[in-house]
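Descriptive analysis of the structure
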Amino acid sequence: MVELPIYVVDAFTKHPFAGNPAGVCILESPVSEDWMQNVAAELKHAETAFLQARGSAFQLRWFTPTVEVDLCGHATLASAHILWESGRLHLNQTASFETRSGVLTANRVGELIEMDFPSEAPSELEIPWNLEDILGAKPVWFGANRMDYLVEVEDVEALRDLSPDLNGVRQLGHRGLIVTARGTSHDFVSRFFAPQSGIDEDPVTGSAHCCLGPYWSEKLGKETLDGFQASARGGMVRVITRGDRTMICGHAVTVLEGVIRC
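What counts and what doesn't
Residues numbered from 1 in each chain as written. Predicted model: local features only at pLDDT ≥ 70, side-chain atom pairs only at ≥ 80, totals over all residues. Heavy atoms only, no water. Core = buried A, V, L, I, M, F, W, Y, C linked by side-chain atoms within 4.5 Å. Buried < 20%, exposed > 50% of the residue type's maximum accessible area, 1.4 Å probe, protein only. Helix = DSSP H or I, 4+ residues; strand = E, 2+ residues; numbered from the N terminus. Contact = heavy atoms within 4.5 Å. Salt bridge = Lys/Arg side-chain N within 4 Å of Asp/Glu carboxyl O. Patch = residues over 30% accessible without salt bridge, like charges linked within 9 Å, V, L, I, M, F, W, Y side chains within 5 Å. Areas by Shrake-Rupley, 256 points an atom, 1.4 Å probe, with all protein chains shown as cover. Lys, Arg positive; Asp, Glu negative; His and termini not counted. Charge placed at Lys NZ, Arg CZ, Asp CG, Glu CD. 1 Å grid on protein atoms, 1.4 Å probe; cavity = no way out; pocket = protein on both sides within 12 Å on 5 of 7 lines; lining within 4 Å. Points joined across faces, edges and corners; volume = space filled by probe spheres on them. Nonpolar A, V, L, I, M, F, W, Y, C, P; charged D, E, K, R; others polar. Pairing = 2+ DSSP bridges.

This next bit is on the nonpolar core. Residues W62 and F97 are the most contacted members of the largest nonpolar core, which totals 51 residues. Looking at this core element by element, the count peaks at seven residues for helix α2 (residues 73-85). Aside from chain neighbours lying at most four places away, what touches F97 is L51, F58, L60, T76, S79, A80, L83, G102, V103, L104 and A106. If you look at the next biggest cluster of nonpolar residues, it comprises 21 residues, including V151, L162, L172 and V189.

So, on to the pattern of salt bridges. Summed over all chains, the structure comprises 15 salt bridges. For R61, the salt bridge is made with E68, and the minimal N-O distance between the two is 2.8 Å. The exposure classification of R61 matches that of E68, with both residues buried. Residues R175 and D148 are paired through a salt bridge, measuring 2.6 Å at the closest nitrogen-oxygen approach. One end of the pair, R175, is in the loop between α5 (166-172) and β12 (176-182); the other, D148, is in strand β11 (residues 148-153), and 27 residues separate them in sequence. It is possible to trace a salt-bridge network through shared partners that takes in E33, R61, E68, D70 and R100.

A word on a negative patch on the surface. A contiguous patch of negative charge on the surface is contributed by E132, D133, E154, D155, E157, D161 and D165. Secondary-structure assignment places E157 in helix α4 (residues 156-160).

Next up on the list: a nonpolar patch on the surface. A grouping of F17, V255 and L256 is seen on the molecular surface, where their side chains present a nonpolar patch of about 300 Å² in accessible area. With respect to the helices, strands and loops of the structure, V255 is situated in strand β18 (residues 252-261). In this structure V255 comes out as partly exposed when scored by relative accessible area, which is 32%.

What follows concerns the layout of surface pockets. As a volume, the largest pocket reaches approximately 230 Å³. Together, 16 residues line the largest pocket, and F12, L112, M236, V237 and H251 are the ones closest to its centre. Element by element, the count of residues in the lining of the largest pocket is highest for strand β16 (residues 235-242), at four residues. When grouped by side-chain class, the residues that make up the lining of the largest pocket number six nonpolar, six polar and four charged.

Moving on to the pairing of strand β14 (residues 199-202). With two bridges joining them, strand β13 (residues 188-194) and β14 adopt antiparallel strand pairing. In the strand pairing of β14, A194 is matched with I199. Hairpin connection from β13 to β14: four residues lie between these consecutive antiparallel strands, with G198 at a positive phi of about 85 degrees.

With that out of the way, let us pick up helix α1 (residues 33-43). Within α1, burial applies to W35, M36, Q37, V39 and A40. Along its buried surface, α1 packs onto β1 (3-11), β2 (20-27), β3 (47-54), β4 (57-63), β5 (68-69) and β18. K44 occupies a position one or two residues after α1 and carries a positive phi of about 65 degrees.

What follows is about the environment of S56. Along the chain, S56 turns up in the loop between β3 and β4. A residue is classified by how much of its surface remains accessible, and S56, at 70% relative accessible area, is exposed. Here the alpha-carbon distance between S56 and F97, two residues 41 residues apart in the chain, equals 9.4 Å.

By themselves, these are just geometric observations and shouldn't be taken as functional.
Now the structure itself:
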């Protein structure tokens, strides 16, 4: 029997039991996709990250309880946090990850972890005839990138009051649906629904900000933006849009450390 280190990290928060929890499992050798999927299903977090050293970098894969995904922000943030906290990387070293979305890096910038991700700007689409019924709110803009749909609603109140028809969201396809509005105390607010990926509502979705950053940067004429994901747990995400790259920044805190036996 092998024992592998496993952690639970709350990402995009300074405080335990807020932000978005992610599992992080450190692998010593390759394992099967079925095994990783089973571990993710056992943990039941929105994402579980699996890390294996590859020279000076780490192979990184992300699994929801039901599927493997191409890009995940909060589990990448959690992974970088664990590599520094556990001493696998020095605090001044860059965390470099080989992923399905290419090489991603993370660095410590003051108190924040700053991740270098691809920009995933949305393209505008015709608003589906049934979208207002699915959301229970009036859409004012609709589009998509390669992963998700994006819809802007009228204001923060409409966004916070959303109780969408999850079966309708599921039938839209793609990975999930990002809903956003211009903020009052933040530049923008958002929520993310992905029942088609096994997650009814994700607490804080780093990768969605690869879409939100370029979208709001163009609308507001600002490079650096502060966003708030208004889920029940909630979380702060700073985004810095630089052409085809988006810096996604946040805090993380470890809430559980143990081993998984297999």
